[in-house]
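# Reading the structure
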Amino acid sequence: MHGLEVTVVILAAVVAMTWLARHLRWNEPLMLVAGGCLLGLIPELRTLVLPPEVVLLLFLPPLLYWESLTTSLREIRTNVRGILLLGTGLVLATAAAVAAVGHGLGLSWPLAFVLGAVVAPTDAIAVAAVARGLPRRVRTILRAESLINDGTALALFAVMVGVLVEGQVFSWWGTVARFLLTYAGGLAIGAACGAVVVVLRRRLNDRTVESALAVLTPFAAYLPAQAAGVSGVLAVVTCGLILSQLGPRVMGAGARVQIISFWEVSTFILNSALFVLVGIQTPAIVSAISSVSLGHALVTALLVSGVVIATRLLWLYSVPYLIRAVDRRPVQRTLRSGARQRFPVAWSGVRGAVSLAAALAVPATTAAGRPLEGHGLLVFAAVTVILVTLVLQGTTMPAVVRWSGLRGDPDETAEERLAHRQIAAAALEALPDHAGRLDTPPETADAILGELRQYAAEDARATETTDPGMRAGLELRLALIGVKRSALIRLRDERSIDDIVLRRLQAGLDSEEIRIELALHALTDQSHPPGDGTVDLRGQAPGE
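Described in the following lines is the structure provided in the data block. These figures come from a predicted structure and were not determined experimentally.

Before going further, it helps to examine empty space enclosed by the protein. Scanning the entire structure with this criterion turns up two cavities of 30 Å³ or more. Estimated volume of the largest cavity: approximately 110 Å³. Contributing to the lining of the largest cavity are 14 residues, with Leu63, Asp123, Ile125, Leu274 and Ala353 lying nearest its centre. Elements that contribute at least two residues to the lining of the largest cavity include exactly α4 (52-69), α8 (124-130), α13 (253-287) and α18 (353-361). The element best represented in the lining of the largest cavity is α4, accounting for five residues. In the lining of the largest cavity, the residues fall into 11 nonpolar, one polar and two charged.

As a further point, take the pattern of salt bridges. The final tally for this structure, using the stated rule, is 12 salt bridges. Between Glu145 and Arg312 there is a salt bridge, with the nearest N and O atoms lying 2.8 Å from each other. Of this pair, Glu145 sits in helix α9 (residues 136-166) while Arg312 sits in helix α14 (residues 294-316); the two residues are 167 residues apart in sequence, bridging distant segments of the chain. Exposure class is identical for Glu145 and Arg312. Each is buried.

Each pocket or cavity is described by its volume, and for the largest pocket that value is around 1,500 Å³. Trp66, Glu67, Thr70, Ala128 and Arg143 are the residues nearest the centre of the largest pocket, which is lined by 47 residues in total. Sorting the residues of the lining of the largest pocket by element identifies α2 (28-40), α4, α8, α9, α12 (232-250), α13, α19 (375-404) and α23 (499-527) as the ones contributing at least two each. Class assignment for the residues of the lining of the largest pocket results in 24 nonpolar, 10 polar and 13 charged.

Turning next to the packing of aromatic side chains. If you walk through the whole model with that rule in mind, you get five aromatic pairs. Between the aromatic rings of Phe262 and Trp263, the centroid separation amounts to 5.2 Å while the plane-to-plane angle is 65°, which identifies the pairing as edge-to-face. Using a relative accessible area of 37% as the deciding quantity, one classes Phe262 as partly exposed. An aromatic cluster is defined as three or more aromatic residues linked by ring pairs; in this entry it consists of Tyr65, Phe262 and Trp263. Its guanidinium or amino end placed over the ring of Tyr321, Arg342 lies 5.3 Å from that ring's centre, counting from NZ or CZ.

Turning our attention to the environment of Arg139. Relative to the elements of secondary structure, Arg139 occurs in helix α9. C-alpha separation for the pair Arg139 and Val345, spaced 206 residues apart in sequence, amounts to 8.8 Å. Those residues within four positions of Arg139 in sequence are excluded, and the remaining contacts are Ala131, Leu134, Glu412 and Ile500.

Quick look at α9 now. For α9, which comprises 31 residues, the first-to-last C-alpha distance of 45 Å matches the rise-based estimate of 45 Å (1.5 Å per residue) to within 8%. Most of α9 is tucked away, with 26 of its 31 residues classed as buried. Of the residues one or two after α9, Gly167 is the one with positive phi, at around 70°.

Another aspect to go through is the packing of α13 against α18. Axis separation between α13 and α18 bottoms out at 10 Å; the angle between their running directions is 45°. Considering their axes alone, α13 and α18 lie oblique with respect to each other. Of the two elements, α13 crosses α18, and the hand of that crossing is left-handed. Two secondary-structure elements touch here, α13 through Leu274, Val278, Gln281 and Ile285 and α18 through Ala353, Leu356 and Leu360. Its residues assigned to classes, the contact of α13 with α18 shows six nonpolar, one polar and no charged.

The next thing to look at is the side chain of Asp498. Structurally, the position occupied by Asp498 is in the loop between α22 (471-493) and α23. Excluding its chain neighbours within four sequence positions, the residues that come into contact with Asp498 are Ser72, Arg74, Glu75, Arg136 and Glu415.

Rules used in this analysis
Residues numbered from 1 in each chain as written. Predicted model: local features only at pLDDT ≥ 70, side-chain atom pairs only at ≥ 80, totals over all residues. Heavy atoms only, no water. 1 Å grid on protein atoms, 1.4 Å probe; cavity = no way out; pocket = protein on both sides within 12 Å on 5 of 7 lines; lining within 4 Å. Points joined across faces, edges and corners; volume = space filled by probe spheres on them. Helix = DSSP H or I, 4+ residues; strand = E, 2+ residues; numbered from the N terminus. Nonpolar A, V, L, I, M, F, W, Y, C, P; charged D, E, K, R; others polar. Salt bridge = Lys/Arg side-chain N within 4 Å of Asp/Glu carboxyl O. Buried < 20%, exposed > 50% of the residue type's maximum accessible area, 1.4 Å probe, protein only. Phe/Tyr/Trp six-rings, centres within 6.5 Å; stacked < 30°, edge-to-face > 60°. Lys NZ or Arg CZ within 6 Å of the ring centre and 35° of its normal. Contact = heavy atoms within 4.5 Å. Expected span 1.5 Å × (residues − 1). Axes fitted to C-alpha atoms, helices over the stretch in contact; angles between N-to-C directions. Parallel < 35°, antiparallel > 145°, perpendicular 65-115°, else oblique. Left-handed = near helix turned anticlockwise from the far one by under 90°.

If you want it as C-alpha cells, here you go:
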C-alpha cells in the first residue's frame, strides 16, 4: 500500500474502533490496539514500520502540549513532591528492577537497562483514558507524572544506548550530570519558547494566524531542545504550562474557541492512530524474534510486565509512608490518602506509544557493525508490557475506582459557584462606568443589571430576560465580558479556583462574546445596506 492508502485505512480503523468501543462500553485504547492487530495480519500492512522519529517528532509534541495545556497547575504545585517522586524516582526504580530481572534471564546488563528505560514511563494518553471518573487531584497527579517521566526515561535511555551500542563507559557522575543538564535545558528552552509565543500573541489580531501559531508552538519547543541534546518533552510541557496560565490574557475568544476545537480533534486522531499503529506492528514484531524461542520470549516478557506492575505497587505502598513518618507538617496531613484510596494511582501504570517508539529506536547493530543480540526480544518485551498493562489495568480500572470509593471532586462545583458570584459582582461594580462611557439607555442598563443580579444569585443558566435591541446594550454586554474574564483570571491566580474551572467558565464567556460580536456585525450590516458605497465583507465596494 502507498502512504496515502495506509493513512486512509488507519483513519477508518480509528473511527470504526472508537465507535465500537463506545457503543459496547469497552476500553478504547485496547479496542484500537486489537483492531490494529487485525490490520497487521493483512499482507500489505505486515511490512509497515513505524519509524521511532515519527512518534518522537510528530506525535509526541502535540499530544504532550495539549495535555499540559489542559492540566491543573494549582494541583501540580500542591502535589509537586509526589509527582516528582513518581516521575523520577519511580522511573529509575522500575528501570533498575526490570534490569535485574532481565539480566537474571540472560540479557547483558546494558541491554537489560535499556529495556528497563524503555518500559519505565507511563503513557500520558493511555493514563488519561483510564483515569476518567477519578477526582481532580488524582487525575492531575497521574497526568503530570506521565508528562515528567517521559523526560526521565528518555534521558536514561540515551545514556544506556550509548553504553550498549557505542561501548561508552558508564559513569554515575556523568549520568547524574546528564540528567541535570537534560532537565535544566528542557525547562529553559520551554520557558523561552513560551515567552516568545506570549509576545507574539499580544501582537497578533488575526484568528487564522493565531491558530497557525498554536499548531507551530509544540514543535518550536521540542525541536530546539532535541537539537541541543536536552529534554524536548520537558520543553513542550514547560511551554504548555506557561501558556495555560498566560493564554487567557493574550488570546481573543474567537481564536481560543477555534484553537481548542482544532486540538480536541487533532489530538484524538493522533492518539487513536498511535494505538492502531501499535497493533499493526505487533504481528510483525512477534514473527521477528529469532534469538530465542517464542516460549522463552513470552515468559521473559510476562515476567518483565509483572515486575513493572509490582514495582509501582511496592513504591506507592512504601515510599509515601516513609515520607509520612518524616514529614509531619499539618499541611501534608491534608494531602494524605488511605491505602484503599491510593490503589487507583498504584494501578494506573499503563504503558503506551512512547515505550514502543523507544524500543524501535534501539539500533539493531552495534557501532562496530555487529548484530545486537537480543534486539528482537527487547522489542517484543516492550510490546507485551504495553498490551498487558492495557488489558489488565486498563479494563479493570473502572472497577478499581468503584472499589476505592473515590468520586468526582466536589470542590469543582463549589469553586464554579464561587467564580459565578465573583465575576457577576465584578461586572455589577463596573456596569455604571461602562454604561456611562457607552451612553447606554437607562432601560437597557437596568435590564442588564437585573440579569447580573440573577447571575450573582448562583443561577448560572441566567439568560437575557429582556431584549434591549440596541447597539448600546450589546456593546455594554461586550465590555462587561472583559470585566468578567479579568475577575475569573484573578480568581485563578489567587488559587481560589482551579484551571479546570477557569477553562469551563471561560468557554461560556467566549461563546457569549462571539455571539455578541456576530449580533453587532449584523447591526452594522443593517445600518449600511448595499448601495450606500460602503465596503462589504468581501472587501469590494458594491457594484464592483
